[in-house]
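Summary of structural features
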Amino acid sequence: MNWMPPGDLPSAVSLTDLWDCHAHLQDAAFKGRLEEVVGRARAAGVARIVVNGTAPDDWPAVAALAQQFSDLVRPAYGVHPLYVDRAHGDWQTDLRRRLETEPAASVGEIGLDRSEAAGAIEPQLEVFEWQVRLAVDLRRPFTIHCRRAWDLMLPRLQALAPFPRGFVLHSFNGGEGRVDPLAALGAYFSFSGTLTWPRNRRSPAALAVVPADRVLCETDSPDLAPWRPDSAEASAPNEPANLLLVVRRIADLRRGTVSEWARRLSANARRCFESL
Ligand SMILES: [Zn+2]
């Protein structure tokens, strides 16, 4: 199935440097078709994909992707809050060693989750805080997943600050009222396909108050597929080529052009993930 650009986008000529700031290309959903997914991403102007690990057992796959697609993939290593029970043995040494040997790597996906699928919060807090301290120690940005845990997250971050390289709030869902205090701590606010979902009013309201130099975009592939009028494909796994739909939605909501926002989003991502 060929990816088709949304109708009113400028040609890919002006969109060649997009960053998909959060995805999971190591996911089983991409097994055996990675080359075509990567080809479509490149054709859609995606120049970088930050591939986030979720537990020690998928870090080797993330590292392999960063080697195989060294111009495209930026690795992130971390223990996701839903998978803290998969972090055993000396995972801390493994994580530190990976980050020390890969200077372009960031820390992620880490965070707190109190949805029904999640386990107890105490081990999550311990694993999360340890990883934030490691990121600060190694001067790396880190990427946060936070679900139903903002009342815990904000004070924890305030206690752990300052963050010399800032951090990313992936698929930000914290509401407009939390934007200012999080921005003051150095947060980047990454918006995903959920921004395009017609019934989602919370994300557009938050986007409206995020400083322009702190907005990022992502797909969270293979999850969080953007809404399409022809939702026949809604059940297909999301992929980085769909990033343009998120960029266009950001530009529409902020009343700018797609080209202008594409440039701004790229500059923000480079500042976040590449500045030393
Ligand atoms: Zn994720």
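Residues numbered from 1 in each chain as written. Predicted model: local features only at pLDDT ≥ 70, side-chain atom pairs only at ≥ 80, totals over all residues. Heavy atoms only, no water.

What follows concerns the coordination of the zinc ion. Listed as protein donors to the zinc ion are His 22 (NE2), His 24 (NE2), Glu 109 (OE) and Asp 220 (OD); their distances from the metal cover 2.1 to 2.6 Å. The coordination sphere of the zinc ion comprises four donor atoms, whose angles at the metal cover 86 to 174°; the geometry is irregular. Along the chain, the residues that donate to the zinc ion are spaced as H-x1-H-x84-E-x110-D. Of this pair, His 22 sits in strand β1 (residues 18-23) while Asp 220 sits in the loop between β8 (215-217) and α8 (243-253), and the two are 198 residues apart along the sequence. Asp 220 matches His 22 in its accessibility class, with the two residues each being buried. (Donors = N, O, S within 2.8 Å, 3.2 Å for Na, K, Ca; no water. Tetrahedral: all angles 85-135°; square planar, octahedral: opposite > 155°, others 65-115°. Helix = DSSP H or I, 4+ residues; strand = E, 2+ residues; numbered from the N terminus. Buried < 20%, exposed > 50% of the residue type's maximum accessible area, 1.4 Å probe, protein only.)

Moving on, we get to the confidence of the model for the chain. In the predicted model, the chain carries a mean pLDDT of 91, and 92% of its residues have values of at least 70. For residues 1-8, every residue scores under 50 in pLDDT, and the model assigns this stretch 12 contacts once sequence neighbours within four places are set aside. (pLDDT = per-residue confidence, 0-100. Contact = heavy atoms within 4.5 Å.)

Let us now look at the packing of helix α3 (residues 91-101) against helix α4 (residues 121-137). α4 packs onto α3 with a crossing angle of 30° between their chain directions and a minimal axis gap of 11 Å. Considering the angle they form, α3 stands roughly parallel to α4. Crossing of α3 against α4: the hand is right-handed. Of the residues in α4, those in contact with Trp 91, Gln 92, Leu 95, Arg 96 and Leu 99 of α3 are Val 127, Trp 130, Gln 131, Leu 134 and Asp 137. Split into classes, the residues belonging to the contact of α3 with α4 amount to six nonpolar, two polar and two charged. (Axes fitted to C-alpha atoms, helices over the stretch in contact; angles between N-to-C directions. Parallel < 35°, antiparallel > 145°, perpendicular 65-115°, else oblique. Left-handed = near helix turned anticlockwise from the far one by under 90°. Nonpolar A, V, L, I, M, F, W, Y, C, P; charged D, E, K, R; others polar.)

Attention now moves to the nonpolar core. Phe 142, Leu 157, Phe 189 and Ile 250 are the most contacted members of the largest nonpolar core, which has 77 residues in total. In this structure Leu 157 touches Phe 128, Phe 142, Ile 144, Phe 163, Phe 167, Leu 182 and Leu 185, once residues within four positions along its chain are discounted. Cys 21, Val 168, Leu 216 and Cys 272 belong to the second-largest nonpolar core, a separate cluster that totals 10 residues. (Core = buried A, V, L, I, M, F, W, Y, C linked by side-chain atoms within 4.5 Å.)

We now examine the sheet that holds strand β3 (residues 73-77). What holds strands together in a sheet is hydrogen bonding between their backbones, with the strands either parallel or antiparallel. One open sheet holds the eight strands; their spatial order is β1-β2-β3-β4-β5-β6-β7-β8, and the pairing between them is parallel. Every interior strand has two partners, whereas the edge strands, β1 and β8, have only one. On average, each strand axis in the sheet is inclined to that of its neighbour by 30°, with strand direction left out of account. Pairing geometry for strand β5 (residues 142-147) and strand β6 (residues 167-169), over three bridges, is parallel. Its bridge partner lying in β6, Phe 142 is registered against Phe 167. Its contacts with the sheet place helix α2 (residues 59-68) against β2 (46-52) and β3, and it is angled at close to 160° to β3. (Pairing = 2+ DSSP bridges.)

When you line up the elements, Arg 201 lands in the loop between β7 (187-191) and α7 (202-207). Since its relative accessible area comes to 66%, Arg 201 is described here as exposed. Taking C-alpha positions, Arg 201 is 9.8 Å from Gly 175, a pair spaced 26 residues apart along the chain.

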